[in-house]
Number of protein chains: 2
Amino acid sequence: MTDYKTPALTVDVVIFCLREQRLQTLLIKRGVEPYSGKWAIPGGYVRYGEDIDAAALRELGEETGVHNIYLEQLYTFGAPDRDPRGHTVTVTYFALIPDENITIEAGTDATDAAWHVLDELPDVAFDHKEIIGYAHERLRYKLEYTSAGFKLLPREFTLTELQTAYEIVLGEKLDKRNFRRRLLEADVLEKTGQYRSGGEGRPAMLYRYHAKADPQVKARRLYP
Amino acid sequence: MTDYKTPALTVDVVIFCLREQRLQTLLIKRGVEPYSGKWAIPGGYVRYGEDIDAAALRELGEETGVHNIYLEQLYTFGAPDRDPRGHTVTVTYFALIPDENITIEAGTDATDAAWHVLDELPDVAFDHKEIIGYAHERLRYKLEYTSAGFKLLPREFTLTELQTAYEIVLGEKLDKRNFRRRLLEADVLEKTGQYRSGGEGRPAMLYRYHAKADPQVKARRLYP
DNA sequence: CTTCATTAACGTCATTTGTACACAAAGTAT
DNA sequence: ATACTTTGTGTACAAATGACGTTAATGAAG
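Conventions we followed
Residues numbered from 1 in each chain as written. Chains lettered and ligands numbered in written order. Predicted model: local features only at pLDDT ≥ 70, side-chain atom pairs only at ≥ 80, totals over all residues. Heavy atoms only, no water. Domains from an automatic or database assignment. Contact = heavy atoms within 4.5 Å. Buried area = accessible area lost by both parts, 1.4 Å probe. Salt bridge = Lys/Arg side-chain N within 4 Å of Asp/Glu carboxyl O. Polar contact = N/O pair within 3.5 Å; in protein donor to acceptor, adjacent residues only side chain to side chain. Helix = DSSP H or I, 4+ residues; strand = E, 2+ residues; numbered from the N terminus. Nonpolar A, V, L, I, M, F, W, Y, C, P; charged D, E, K, R; others polar. Near = heavy atom within 4 Å.

Quick look at the domain arrangement of chain A
Residue and element names in this part refer to chain A.
Right, on to step 1. Taken domain by domain, chain A holds domain 1 (8-120) and domain 2 (144-209).
Right, on to step 2. With centres defined by C-alpha atoms, the gap from domain 1 to domain 2 works out at 28 Å.
Right, on to step 3. Contacts between domain 1 and domain 2 engage 12 residues on the former and 10 residues on the latter.
Right, on to step 4. The largest per-residue losses of area from domain 1 upon contact with domain 2 belong to L18, Q21 and L96, which jointly make up 54% of the total buried on that side.
Right, on to step 5. Scanning the region where domain 1 abuts domain 2 turns up 0 salt bridges.
Right, on to step 6. Joining domain 1 to domain 2, the criterion identifies 0 residue pairs in polar contact (both at pLDDT 80 or more).
Right, on to step 7. For the side of domain 1 that touches domain 2, the secondary structure elements donating two or more residues are strand 1 (8-19) and strand 2 (22-30).
Right, on to step 8. With 3 residues, strand 1 is the largest single contributor of residues to the side of domain 1 that touches domain 2.
Right, on to step 9. When the residues that make up the side of domain 1 that touches domain 2 are grouped by side-chain class, the tally is 8 nonpolar, 1 polar and 3 charged.

Right, here's the structure in full:
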């Protein structure tokens, strides 16, 4: 193999979660230069011989203690000046996780890890603002035409909870009956047979995700 | 910057073109090991300090003589064993070009460059079969819900030519009136005022692309 | 225990969108 | 001039979407 000097390669992960009725993303406070003290999305160098998806999962685990989540590749950013240390190309991912028993632990390179409300972000390092923006757009788009919203909820959830998740992400109220019809017709939810008691009002049926044919994307074709 | 050994970084480009009423892609015959003598999609190493999009355009020009075309990032493949020379991550792109005055010239690393009908591909090097498949899927998807098909045609074209392009890519016949209505409503075409004479039958109005508001994607939202 | 407040569950109808389909107009070839 | 080929256009019907109000099940308050 001819040994050209190649750019460094990193992975970065934008994680979304619904907390306190707001869409939030996980940032780590950098403990080293450059941008020491600034917030950044979790990520790090891809090791030689390591699959990039695996690297994303590993970095996520190391820096935040979040394990076993579904990642989706987002985009690769490769402007030569995006990292002051030298040319660094980053493959970005995005993830949806439910807000439950997640222990965030700051890792080696990070002095802190914390959730941030998406539209009240602090100054972030590198071009991470752009990356988060891109991920946010993709998330909205995804919920507009798929039934992937349940990934933001615990394993079992009510239809109202699911609808609220959609409403928060999309930033608009949805019609309850039409929402239900759509999601039930998508055929990815199944009743658990149990009800959520506790709160006020009539108890709601609990559902869980169950892909019978895992269509996921329910985009409409422009031509028959 | 801590000097980890990072994977090598390449770019690869899948170019689509309609030639002789078939969807074709441009491959180069490799002149060096590994896979010497096999066909591969054009691409090569990203230089240190070079933007990845620029690298894709440069490699394309060097290897095929194709310049100034619109590229869209496709996906980044990073399995550690995808290149026998060592761990090499590749950022892939896809492009649509019209079949007109394109001079293909084999460049340095390639002994030959030629168009290949998409469903009669030879054995290709690396994981390029998978990449081409992925690009093909994206192309079909793109034409299903956008009006990007004109990128496969010369600057001026008739609606019948455009419809034929869609039919070839999508692999199905489309209704003439519905097709026209859809594309004209998309509001990205304008009449040139001229007609294509020459052939048999009634001369057809020539159109050209003209993005007034460049919506490009005309996807339908799942929620109001 | 009754009443009230709160949330869940459900169906219909008007409108919009999608799909199928046929014939006249404008040329060219003979 | 006649036959042939290709372009260009509208409508009726089916399907999907969007707006909308009432009853049912529970907990809280009196």
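There's more to say after this.
Description of the environment of A:E190
All names here are of chain A.
Right, on to step 1. One can find E190 in strand 9 (residues 189-196).
Right, on to step 2. The spacing of E190 and G49 is 141 residues in sequence and 41 Å in space, taken between C-alpha atoms.
Right, on to step 3. Beyond its immediate sequence surroundings of up to four residues, E190 is in contact with L206, Y207, R208 and H210.
Right, on to step 4. A polar contact is formed between the side chain of E190 and the side chain of H210, at a distance of 3.4 Å.

Looking at the protein's contact with DNA strand D
Right, on to step 1. Taken together, the neighbourhood of DNA strand D is formed by 21 residues, with A:R181, B:K176, B:R180, B:G201 and B:M205 sitting nearest.
Right, on to step 2. Considering DNA strand D, the proportion of its atoms within 4 Å of the protein that are sugar or phosphate atoms stands at 43%.
Right, on to step 3. A distance of 3.3 Å is found between a phosphate oxygen of DNA strand D and a side-chain nitrogen or oxygen belonging to A:R182.
Right, on to step 4. Within the side chain of A:R202, one N or O atom sits 3.3 Å away from a base nitrogen of DNA strand D.
Right, on to step 5. The set of elements that each furnish at least two residues to the surface near DNA strand D consists of helix 4 (176-185) of chain A together with helix 4 (176-185) and strand 10 (204-209) of chain B.

Things to note about the protein's contact with DNA strand C
Right, on to step 1. Residues in contact with DNA strand C amount to 21 residues; listed here are only the nearest, A:T160, A:R180, A:G201, A:M205 and B:R181.
Right, on to step 2. In the interface set of DNA strand C, defined as its atoms within 4 Å of the protein, sugar plus phosphate atoms amount to 49%.
Right, on to step 3. Contact distances for DNA strand C include 3.1 Å between a base nitrogen and a side-chain N or O atom of B:R177.
Right, on to step 4. Interatomic distance of 3.2 Å between a side-chain N/O atom of B:R202 and a base nitrogen of DNA strand C.
Right, on to step 5. Residue assignment for the surface near DNA strand C shows that the elements contributing at least two residues are helix 4 and strand 10 (204-209) of chain A together with helix 4 of chain B.
Right, on to step 6. By residue number, the principal contributor to the surface near DNA strand C is helix 4 of chain B, which donates 4 residues.
Right, on to step 7. Partitioned by chemical class, the residues of the surface near DNA strand C number 5 nonpolar, 5 polar and 11 charged.

Thoughts on the pattern of salt bridges
Right, on to step 1. Per the stated rule, a full pass over the model turns up 32 salt bridges over all chains.
Right, on to step 2. In the salt-bridge network here, residues are joined through shared partners; they are A:R47, A:E50, A:R58, A:E59 and A:E62.

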